[in-house]
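Each chain, written out:
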Amino acid sequence: MAPLQVYYSGLLFTPQSSLTRGGYLKNIPWVTMKPKVAAVWSTLIQTLEGHTNQVTSAVFSPDGKLVASASEDNTVRLWDASTGKQCGVLEGHTSHVSSAVFSPDGKLVASASRDKMVRLWDASTGKQCGVLEGHTNHVSSAVFSPDGKLILSASYDKTVRLWDKSTGKQSGVLEGHTEVVNSAMFSPDGKLVASASEDNTVRLWDAPTGKQCGVLEGHTSHVSLAVFSPDGKLVASASRDKTVRLWDTSTGKQRAVLEGHTSIVNSAMFSPNGQLVASSSDKTVRLWDTSTGTQYRVLEGHAGNVKSVVFSPNGKLVASASWDNTVRLWDTSTGKPCVVFEAHTSFVHSAVFSPDGKLVASASLDKTVRLWDTSTRNKGGVLEGHTSEVYSVVFSPDGKLVASASRDKTVRLWDTSTGKQCGVLEGHTSFVHSAVFSPDGKLVASPSADKTVRLWHTSTGTEYGVLEGHAGNVKSVVFSPDGKLVASASWDNTVRLWDTSTGKPCVVLEGHTGFVNSAVFSPDGTLVASASLDKTVRLWDVSTGKQGGVLEGHTDNISLAVFSPNGKLVVSASWDNTVRLWDTSTGKQCGVLEGHTEGVTSAVFSLDGNLVASASWDGTVRLWDTTKQTTIEIIETHATINKFSNDGTHLHTSRGILQLKPPLHTGGNRDLSHTLTHSLDVTDQWITCNMKKLLWLPVDYRLFYSAVNHTANLIVIATASGSVFFISLDFTAIPAAYLQPSVKVAVMAGRGFLGLVGY
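Residues numbered from 1 in each chain as written. Predicted model: local features only at pLDDT ≥ 70, side-chain atom pairs only at ≥ 80, totals over all residues. Heavy atoms only, no water.

Here the focus is the overall build of the chain. Helix and strand counts for the chain come out as two helices and 69 strands. Against the globule reference of 27 Å for 759 residues, the chain gives a C-alpha radius of gyration of 30 Å, in line with a compact fold. Of the contacts formed within the chain by residues at least 6 apart in sequence, a portion of 41% connects residues at least 24 apart. Averaging the coordinates of the 67 positive side-chain charges in the chain and doing the same for the 67 negative ones gives two points 3 Å apart. (Helix = DSSP H or I, 4+ residues; strand = E, 2+ residues; numbered from the N terminus. Rg over C-alpha atoms; globule rule 2.2 N^0.38 Å. Contact = heavy atoms within 4.5 Å. Lys, Arg positive; Asp, Glu negative; His and termini not counted. Charge placed at Lys NZ, Arg CZ, Asp CG, Glu CD.)

Have a look at this one:
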């Protein structure tokens, strides 16, 4: 599709130790600042992309050649484990797929779904070859019997059902549970079934007859799953009561209670020799001796809830999947960690070994399955940056610094000339929403969920002041035009004004009845406008703190409000799909700008006040004539809006600079030429120039948040893992084809008509 661009990306993003990179990187002279990359290749072998929603499970085929992944995008996908290529999309389910499993001979896949069905698929062709209908609620799991002749399904309808694989007909309904059945499993010889339920019990059933032959009672809360030991003599059950219990399958009696976890036990598994049980919960994995019921090891290191645990085929390793976005390998004999698999950008639901134990497949909320090499211990090097998601990236007024705010509770400063981190601003005790430079660039203000705003010196990175007083999460902060005040908007329903020279509070602006999303000063600094979830904008007198007006009319939450350059108007953007104009002197509504089909996220005035640009979740930016209150241009882009240029000929967005010719507000019906000139854009997988693909972004370098300095042709990208990197370009060295616009937009002023013509 784009071989040259991928080649460039291969040179830029492969590790520093790559011989190809070392030999040929000089062939990209138009990239003047190159991204920081890892030192060596990591344990990650493949990232399997294609799902459009979170992946709930992944499993290897018996021969290890295929991987099947189940997703909340209603599909199962088949992948070649050696190449990572997708070799089948199994479509047919009408709701989330809970799990997928191969038959013992690897020829079939069974998938369980919230659409109340189990579907059978031919693993070689991907075609559907059976639909097992009968459940009246979500199907939580489906498994094949050891001989492959039966299928077992567990459901929220409180039943377990047996199905004949060859005919697809129901051969038994196992009834008795009084609540949701979370899972069901065959014994190794296929003669018994164990089912785990939210009625706090495990039940044993005779598979050939479907008769109940035991109720295992003792848990005091929901049972997540039950598994048989390799010899079938024991069952281990994991529960929300924080325990694992061992049961004798011949008598149904409780053998041992494995206590020690401090939270819900998510999973349990026997080692291949049956001598150990591994259980996952809280932030730990615990190993237990099945003969004595005593704790053998505690595997600690995860920073989040451990969702699942599995032994390697030889029993020497344990893999644990966690909501800290990692998979960890542990040595069962010592309990020590072997390696941490880091690359997922969201919670990891499950991990599983390949049949030969050489690979681990992990399924994640980030919509991917990843394959890892269990033999290598390379970490690949740690990229510089945050240790969690980045919520905002902003340039300083002079463009020499970038400030990034993160969930990891820090703000980091970066030198744009070198791309190096030049300060870590630590002190917040919860995640930081954003960072804002003062007008002179000497200070940074950071609002946080810890209910404070902190001020920092940009020259030294030291803390200048802690603004305390809010009783709720502080959502945003803004400096006054002269930099002497800070206004902070909070989820305690207030806005507070602070003196930046002393850090002391000046006034509390009270009146909103819902969370305040944002606050902004008027151009002369005499007023503050605040936008709230109570569906109102309120105007406040800065000197007295008195409310000057309540702007009512929106029917949903208000994202933000901004003043016109002369301060006479306020524009508000709302989740009700509208933009509204207000007269600041009277507080009256003077215009409703309708046309967006989804919530409006941002809006700005042109410098003469005659235009408003608004951006929406509907993927468009609209330009409005504030006098006629009509749409005069629609631009298809998922950008947020920053500002109009001083001469009104350009619109600065998060996805590039939009050039407008001639000035739109002069009126009249005409065709307008609209081009993106030297416009840099960062999409999910690409950096583009003038809407043409320039550089492909490998999965670990894709943006979670980005900013573009169009004057310096500099891009800063923060990834979901928290790393931050810079790329700068020399337009004089870029191939000429990239500098030609690829789209022309023809607009009839005042008609709301848009035509897109591809060149």
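What follows is about the pattern of salt bridges. Tallying each qualifying case throughout the model produces 13 salt bridges. The partner of Asp576 in a salt bridge is Arg580, and the shortest N-O contact between them spans 3.8 Å. (Salt bridge = Lys/Arg side-chain N within 4 Å of Asp/Glu carboxyl O.)

The sheet built from four strands is open, its strands ordered E38-E39-E40-E41 with antiparallel pairing. Of all the strands in the sheet, just strand E38 (436-437) and strand E41 (463-468) have a single pairing partner and so form its edges. (Pairing = 2+ DSSP bridges.)

Let us now look at the sheet that holds strand E64 (residues 692-696). Strand order across the open sheet formed by three strands is E62-E63-E64, with antiparallel pairing between neighbours. Every interior strand has two partners, whereas the edge strands, strand E62 (680-682) and E64, have only one. Each strand axis lies, on average, 30 degrees off the axis of its neighbour in the sheet, ignoring direction. Pairing of strand E63 (residues 686-689) with E64 involves four bridges; the strand directions are antiparallel. Residue Trp686 lies in a different strand from E64, and its bridge partner there is Trp696. Against the sheet, helix H1 (residues 3-13) engages E63 and E64, with an angle of about 30 degrees to E64. (Axes fitted to C-alpha atoms, helices over the stretch in contact; angles between N-to-C directions.)

What follows is about the environment of Tyr391. Structurally, the position occupied by Tyr391 is in strand E34 (residues 390-395). Sequence spacing of Tyr391 and Ala720 is 329 residues, and the spatial spacing of their C-alpha atoms is 9.5 Å. Beyond its immediate chain neighbours, meaning those up to four positions away, Tyr391 contacts Ala405, Ser406, Arg407, Phe431, Val432, His433 and Tyr705.

All chains considered together, the criterion is met by eleven aromatic pairs. When the centroid spacing of 6.2 Å and the interplanar angle of 45 degrees are considered together, the rings of Tyr7 and Tyr8 count as tilted. Under the relative-accessibility criterion, Tyr8 is labelled buried at 10%. Between Tyr701 and Phe725 the ring centres are 5.6 Å apart and the planes differ by 80 degrees, which places this aromatic pair in the edge-to-face class. Pair noted here: Tyr701 is in the loop between E64 and strand E65 (703-709) and Phe725 is in strand E67 (residues 724-729), with a separation of 24 residues, a long-range link. In this structure Tyr701 comes out as buried when scored by relative accessible area, which is 7%. The exposure class assigned to Phe725 is buried, which follows from its relative accessible area of 2%. (Phe/Tyr/Trp six-rings, centres within 6.5 Å; stacked < 30°, edge-to-face > 60°. Buried < 20%, exposed > 50% of the residue type's maximum accessible area, 1.4 Å probe, protein only.)

This paragraph deals with the environment of Pro208. For Pro208, the position within the fold is in the loop between strand E17 (201-206) and strand E18 (212-217). In the structure, Pro208 is positioned 18 residues away from Gly190 in sequence and 8.9 Å away in space, judged by C-alpha atoms.

With that settled, the discussion passes to a nonpolar patch on the surface. A cluster of nonpolar side chains, namely Leu4, Tyr7 and Tyr24, defines an oily patch on the protein surface of about 300 Å² accessible area. Locating Tyr7 in the fold gives a position in helix H1. (Patch = residues over 30% accessible without salt bridge, like charges linked within 9 Å, V, L, I, M, F, W, Y side chains within 5 Å. Areas by Shrake-Rupley, 256 points an atom, 1.4 Å probe, with all protein chains shown as cover.)

Glancing now at the pairing of strand E39 (residues 443-447). The buried count for E39 comes to five of five residues, which makes it a mostly enclosed element. Neither face of E39 is exposed, since Leu443, Ala445 and Pro447 on one face and Val444 and Ser446 on the opposite face are all buried. The sheet contact formed by E38 and E39 spans two bridges and is antiparallel. Looking at the pairing, Val436 lines up with Ala445 of E39. Counting the residues that bridge the hairpin from E38 to E39 gives five residues, and of these Gly441 lies at a positive phi of roughly 75 degrees.

Our next topic: the pairing of strand E48 (residues 536-541). Of all six residues that make up E48, five are buried, and the element is covered over most of its length. Examined bridge by bridge, strand E47 (residues 527-532) and E48 share five bridges and lie antiparallel to one another. Of the residues in E48, the one forming a bridge with Val528 is Trp540. Joining the antiparallel neighbours E47 and E48 is a turn of three residues, in which Lys535 adopts a positive phi near 75 degrees. In the sheet, E48 pairs with strand E49 (residues 547-552) via five bridges, with the strands oriented antiparallel. Along E49, the bridge assignment pairs Trp540 with Gln547. Where E48 folds back onto E49 in an antiparallel hairpin, the turn is made up of five residues, including Gly545, whose phi is positive at roughly 80 degrees.

Secondary-structure assignment places Ser99 in strand E7 (residues 97-102). As for Ser99 and Leu78, which are separated by 21 residues in sequence, their C-alpha atoms are 13 Å apart.

Gln5, Tyr8, Ser9, Leu11, Leu12 and Phe13 are the residues of H1 that are buried. Looking at the buried side of H1, the elements it contacts are helix H2 (19-24), strand E1 (31-33), E63, E64 and E67.

On to the confidence of the model for the chain, then. Confidence along the chain averages 88 in pLDDT terms, with 92% of residues attaining 70 or more. Note on residues 663-676: pLDDT under 50 across the span, and 40 contacts to partners over four residues away in sequence or across chains. A low-confidence stretch, residues 742-759 stays under pLDDT 50, and its non-local contacts, those more than four residues away or across chains, total 51 contacts. (pLDDT = per-residue confidence, 0-100.)

A few words on the nonpolar core. Side chains of a nonpolar character, in soluble globular proteins, are inclined to be buried together. Counting 25 residues, the largest nonpolar core has Ile28, Trp30, Leu695, Ile727 and Leu729 as the members making the most contacts within it. Breaking this core down by element, the ones donating at least two residues are H1, E62, E63, E64, strand E66 (714-719) and E67. Grouped together as the second largest cluster of nonpolar side chains are 15 residues, Val310, Val327, Leu329 and Phe353 included. (Core = buried A, V, L, I, M, F, W, Y, C linked by side-chain atoms within 4.5 Å.)

Looking now at the side chain of Ser350. Structurally, Ser350 is set in strand E31 (residues 348-353). For Ser350, the residues in contact, after removing those within four places along its chain, are Thr56, Ser57, Ala58, Ser308, Ala321, Ala361, Ser362 and Ala363.

Turning our eyes to something else, we now look at the side chain of Thr458. Of note, Thr458 is situated in the loop between strand E40 (452-457) and E41. Polar side-chain contacts of Thr458 include one of 2.8 Å to the backbone oxygen of Gly441. (Polar contact = N/O pair within 3.5 Å; in protein donor to acceptor, adjacent residues only side chain to side chain.)

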